[in-house]
Amino acid sequence: MTRYIVQRIVGMLVVVLLVLTIAFVIVRLAPGDPAALMLGPEATPAEAAELRERLGLNEPIPIQYLSFVGNALRGDLGTSIFFNQPVTRVLLARAEPTVYLALFSLIIALIIAVPIGIYAAYRRGSWLDQTAISTAMLAASVPSFWTGLMFQRYLATELGWFPAAGYGGPDADFWVRMGHLVLPSIVLGIVNSALILRFTRASMLDVLGEDYVRTARSKGMTEWRVVLRHALKNAAIPIITVIGLTFALLVSGAVVTERVFNIPGMGNLVVSAVLRRDYPVIQGTLIVVATLYVFINLLTDLLYLLVDKRVRY
C-alpha cells in the first residue's frame, strides 16, 4: 500500500511537471512579443520592456523555464497583469464559489442518480427503467446554459424562489452567498446526474445477475438487504470512479453556468483572463486544475480500499 501511494505521488509530480511545461510553452509559442500581447495594442514600448523585465522574458529560455517551474513548485504562480496581484491570491479569492458550487451540484446529482439508478436496475425493463434511461439521455443532451436560462426565468424571475444571479454583495454573510448557489447547483446537478445514473444502473445490472446475489436471496434475506448490502457494495467501484471524475469536471468545467448566473468563480475568471490576455492567470488556473485532477484520481483509488476489501495495490 505504501509503495503504491509513493508511486502515485511520483506519477502526480510527473504529470504536474508536464502541465507546467505546457503552460510555459503556451505563452512562448504565441506569435509576437508575449509582453505586448498581454498589455494590448495600446501599450508603449517602454511598458512592454518593463513587463518583459518583470516577467524575466529577457532571460534565455532554459533559465526562464527553470525559474518558472521552481516558482510554481514553491506556490508562486506569477502576478496577474490585470489585478496586479499574485495569481495564487486571485485564484483563492475565486475558489470558494466554484468549490461550493461543484460540491452542492455533486450532492444533488447523487441524490437524483444513485437511488434511481439502483431501482431502475432492480426493475429492469419496467416503465420506470425506460423512463429513467430516456430522462438521463435528455438531461445529458440539453445544453446546461439553456437549462440554466429556463430555470433562471421561471424559478427565479417569475416565481421568485431563488436569487436570479450573483453571489451576494461584498458584505453578504455565508448563508446568503450559499443561497445564490442553490439554483445553479440544481442546474449542474441535473445535467451531471445523467452519467452517474447510467453508470449506476449498468454496474448494478452486472452484479444483480451474479451467483452470490441469488445465494443471498435463497437464504431468505430481504430484498433491500440483498440489493444494498451485497449488490451495491460490489457494484460501487465503477460508481466511485465516475463520481470522482464528475467532481473534477464540475470544479474545472462550470464555466458556462458561472457565466449564466454571474458567479465570480474560477470559470468566470478564466474567461475574463482570456479576454484580457492575462496569461499568468491562465497558466495558474491550468496548473491548479491539473493538480486537482490527479489528486482526485488518487483519492478515488484509495476509496476503492474502503469500499471493497478485495482490492489490493
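Scroll up to find the structure.
None of the values given here were measured: they were computed from a predicted structure. Sequence order as written defines the numbering, with residues in each chain counted from 1. Given that the model is predicted, a residue must reach a pLDDT of at least 70 before its local features are reported, and side-chain atom pairs must reach 80 or more before they are shown or counted; all residues, however, enter totals for whole chains, interfaces and linings. Excluded from the side-chain calculation are hydrogens and water; included are all heavy atoms of the structure.

1. Points about the overall build of the protein chain
Now for step 1: Going along the chain from the N terminus, every DSSP run of H or I of four or more residues is numbered as a helix, and every run of E of two or more is numbered as a strand. Across its full length, the protein chain holds 15 helices and 0 strands.
Now for step 2: Accessible area is worked out with a 1.4 Å probe on protein chains only. A residue is then buried under 20% of its type maximum, exposed over 50%, and partly exposed in between. When the 313 residues of the protein chain are sorted by exposure, 39% land in the buried category.
Now for step 3: Should any heavy atoms of two residues lie within 4.5 Å, those residues are considered in contact. For the protein chain, contacts bridging at least 24 residues in sequence account for 72% of all contacts bridging at least 6.
Now for step 4: Split by element, the accessible area of the protein chain, about 17,100 Å² in all, is 66% carbon and sulfur. Residue burial considers only the protein chains on display, and all accessible areas are found by Shrake-Rupley using a 1.4 Å probe.

2. Quick word on the environment of Ile282
Now for step 1: For Ile282, the location among the structural elements is in helix H15 (residues 279-307).
Now for step 2: Once residues lying within four places of it in the same chain are set aside, the contact partners of Ile282 are Ala273 and Val274.

3. Quick notes on helix H9 (residues 182-208)
Now for step 1: Note that bend, as reported per residue, equals the angle between axes fitted to the 7 residues terminating at that residue and the 7 residues originating from it. The largest bend in H9 amounts to roughly 35° and is located at Ser193.
Now for step 2: Counting buried positions along H9 gives 19 out of 27 residues, so the element sits mostly inside the fold.

4. Here's the deal with the nonpolar core
Now for step 1: Take the buried Ala, Val, Leu, Ile, Met, Phe, Trp, Tyr and Cys residues and link them wherever side-chain atoms come within 4.5 Å; each set so joined is a nonpolar core. Counting 27 residues, the largest nonpolar core has Leu101, Leu181, Ile196 and Phe261 as the members making the most contacts within it.
Now for step 2: Those elements giving two or more residues to this core turn out to be helix H5 (87-122), helix H6 (127-141), helix H7 (144-158), H9 and helix H12 (236-253).
Now for step 3: Each residue touching Phe261, except ones within four places of it in the same chain, is listed here: Gly148, Gln152, Ala164, Ala165, Gly166, Leu183, Pro184 and Val187.
Now for step 4: Residues Phe24, Met266, Ala273 and Val281 belong to the second largest nonpolar core, which totals 19 residues.

5. So, the side chain of Asn192
Now for step 1: Of note, Asn192 is situated in helix H9.
Now for step 2: Take Asn192: its relative accessible area is 18%, and that puts it in the buried class.

6. Quick notes on H6
Now for step 1: Its 15 residues place the ends of H6 21 Å apart at the C-alpha level, agreeing with the 21 Å of an ideal helix rising 1.5 Å per residue.
Now for step 2: Listed as buried for H6 are Asp129, Ala132, Ala136 and Ala139. Looking straight down H6, one finds that the buried residues subtend no more than 95° of arc, so they occupy a single side. In H6, those exposed residues whose orientation departs by more than 90 degrees from the buried face are Trp127, Leu138 and Ser141.
Now for step 3: The inward-facing, buried residues of H6 contact H5 and H9. One less than the residue count of a helix, multiplied by 1.5 Å, gives the span that helix is expected to have. Comment: arc refers to directions from the helix axis out to C-beta atoms.

7. Here's the deal with the pattern of salt bridges
Now for step 1: When a carboxyl oxygen of Asp or Glu is within 4 Å of a side-chain nitrogen of Lys or Arg, the pair counts as a salt bridge. Within this structure, the stated rule accounts for 1 salt bridge.
Now for step 2: With a shortest N-O distance of 3.1 Å, Glu96 and Arg177 are connected by a salt bridge. Of this pair, Glu96 sits in helix H5 while Arg177 is found in helix H8 (residues 174-180), placing the two residues 81 residues apart along the sequence.
Now for step 3: Note on Glu96: relative accessible area 30%, which makes it partly exposed.
Now for step 4: Classification of Arg177 as buried rests on a relative accessible area of 18%.

8. Here we look at the side chain of Thr285
Now for step 1: Position of Thr285 relative to the elements: it lies in helix H15.
Now for step 2: For Thr285, a relative accessible area of 7% puts it in the buried group.
Now for step 3: Beyond its immediate chain neighbours, meaning those up to four positions away, Thr285 contacts Leu91, Met266 and Val270.

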